[in-house]
Amino acid sequence: MADYVVAIDQGTTSTRCMLVDSSGRPVASDQREHAQLFPKPGWVEHDPLEIWTNTRLVVEGALAQAGAEVTDVAAIGVTNQRETTIVWERVTGRPVYPAVVWQDTRTQPLCDRLAADGGLDRFRDVTGLPLATYFAGPKAAWILDQVDGARRAAERGELLFGTVDSYLVWRLTGGPEGGTHVTDVTNAARTLLMDLRTLRWDPDICAEVGVPTAMLPEIRSSSELYGRATAVLDGVPVAGVLGDQQAATFGQACFQPGDAKNTYGTGNFLLLNTGTVPVRSKHGLLTTV
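Parameters at a glance
Residues numbered from 1 in each chain as written. Predicted model: local features only at pLDDT ≥ 70, side-chain atom pairs only at ≥ 80, totals over all residues. Heavy atoms only, no water. Helix = DSSP H or I, 4+ residues; strand = E, 2+ residues; numbered from the N terminus. Rg over C-alpha atoms; globule rule 2.2 N^0.38 Å. Buried < 20%, exposed > 50% of the residue type's maximum accessible area, 1.4 Å probe, protein only. Contact = heavy atoms within 4.5 Å. Areas by Shrake-Rupley, 256 points an atom, 1.4 Å probe, with all protein chains shown as cover. Lys, Arg positive; Asp, Glu negative; His and termini not counted. Charge placed at Lys NZ, Arg CZ, Asp CG, Glu CD. Phe/Tyr/Trp six-rings, centres within 6.5 Å; stacked < 30°, edge-to-face > 60°. Lys NZ or Arg CZ within 6 Å of the ring centre and 35° of its normal. Salt bridge = Lys/Arg side-chain N within 4 Å of Asp/Glu carboxyl O. Arc of directions from axis to C-beta.

Moving on, we get to the overall build of the protein chain. Counting its secondary structure elements, the protein chain contains 9 helices and 16 strands. A compact globule built from 289 residues would reach a C-alpha radius of gyration of about 19 Å, and the protein chain, at 18 Å, matches this within 12%. Relative to its 289 residues, the protein chain shows a buried fraction of 54%. Expressed as a percentage of contacts within the protein chain between residues at least 6 apart in sequence, the contacts between residues at least 24 apart total 64%. Looking at the protein chain as shown, the accessible area adds up to about 12800 Å², and 53% of this sits on carbon and sulfur atoms. Computing the positive centroid from 25 side-chain charges and the negative centroid from 34, the protein chain places the two 4 Å apart.

Dropping the structure here:
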């Protein structure tokens, strides 16, 4: 009988794997830090290949601590640093540029140009978000504009874009050998490219920001079967994805409208459950799934 769920927590400074038993009790965990790269003031990068290597290692480490085999694992769930952006080759899996991290501010000139026509709230009615360097869509556009030939390759469908959840699920489910290119609504909501009402990519905003739709992952729910893992967890269903702060909100049992949580980590994050209908803030707060 498969007794455990593998929870992969890919965060800003480290990757952790926890094994959780059928009663919800954590039984083992392993963690590895990855390098923080600061090539210029205000720029923050990670190496996606290092993150993928660490993911495999912490899964192996947690299984070893528990004395568990792959056959003891019922499912895999992934939570991730949300807006950190990766662009990689569909055929090889090679990132075309380091991951641009959520704190990175290099896209300020692009945000300023977009705000010149409609202001910082130009896309807020559709996406729930202001124009800001925080979000993933402008980061992807920046990569395409800086890497020689990348934009043309993306338009031909040769490059894939995703936040870290997309990259890990694609890798876990086979990568170049048929990996599933998906994201969930909580991560898609942090790209500045998703319509909150339809939970679909908005093609007009994608075009205006400069992200070809051919490179976007399919938006799925946060809990469903995305595919089955290969390699270290061969055959195990990958069945859950949540952005880290939404995962923390759920994990801290904020199930009812009005419930809120605060998380202290690399950043300080306050989230409030507002129910099933988007609530528009009049005081600069974000509206997100």
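Once the structure has been displayed, the description carries forward.
Evaluation of the coordinates by the stated rule reveals 8 aromatic pairs. Ring geometry for Y97 against W142: centres 5.3 Å apart, planes inclined by 70°, an arrangement best described as edge-to-face. You can see Y97 sitting in the loop between β6 (85-89) and β7 (99-100) and its partner W142 sitting in helix α4 (residues 136-146), a full 45 residues away along the chain. A residue is classified by how much of its surface remains accessible, and W142, at 14% relative accessible area, is buried. Ring pairs connect the aromatic residues W102, Y134, F135 and F269, which therefore count as one cluster. When the ring centre of W43 is taken as reference, the NZ or CZ atom of R106 above it lies at 3.8 Å.

Unlike most non-glycine residues, L192 shows phi in positive territory, near 75°. The residue L192 is located in the loop between α7 (185-188) and β10 (194-195) in this model. When its relative accessible area of 0% is taken as the criterion, L192 is described as buried. With a phi angle near 60°, L199 is a residue other than glycine that sits in the positive phi range. Topologically, L199 is positioned in the loop between β10 and β11 (200-201).

Attention shifts here to the pattern of salt bridges. Evaluation of the coordinates by the stated rule reveals 16 salt bridges. A salt bridge links D9 to R16; the shortest N-O distance between them is 3.4 Å. With a relative accessible area of 26%, D9 lands in the partly exposed category. D121 is the partner of R124 in a salt bridge, and the nearest nitrogen-oxygen pair spans 2.7 Å. Beyond isolated ion pairs, a larger network of salt bridges with shared partners links R82, E83, R190 and D244.

As a further point, take the environment of G267. Along the polypeptide, G267 turns up in the loop between β15 (260-264) and β16 (268-272). Separated by 207 residues in the primary sequence, G267 and E60 place their C-alpha atoms 28 Å from one another.

Quick look at helix α2 (residues 108-115) now. Listed as buried for α2 are L110, C111, L114 and A115. Mapping the buried residues of α2 onto a view down its axis gives an arc of 135°, with all of them on the same face. Contacts from the buried residues of α2 go to α4 and α8 (203-209).

In this section: the side chain of N54. Relative to the assigned elements, N54 resides in helix α1 (residues 48-66). For N54, a relative accessible area of 7% gives the class buried.

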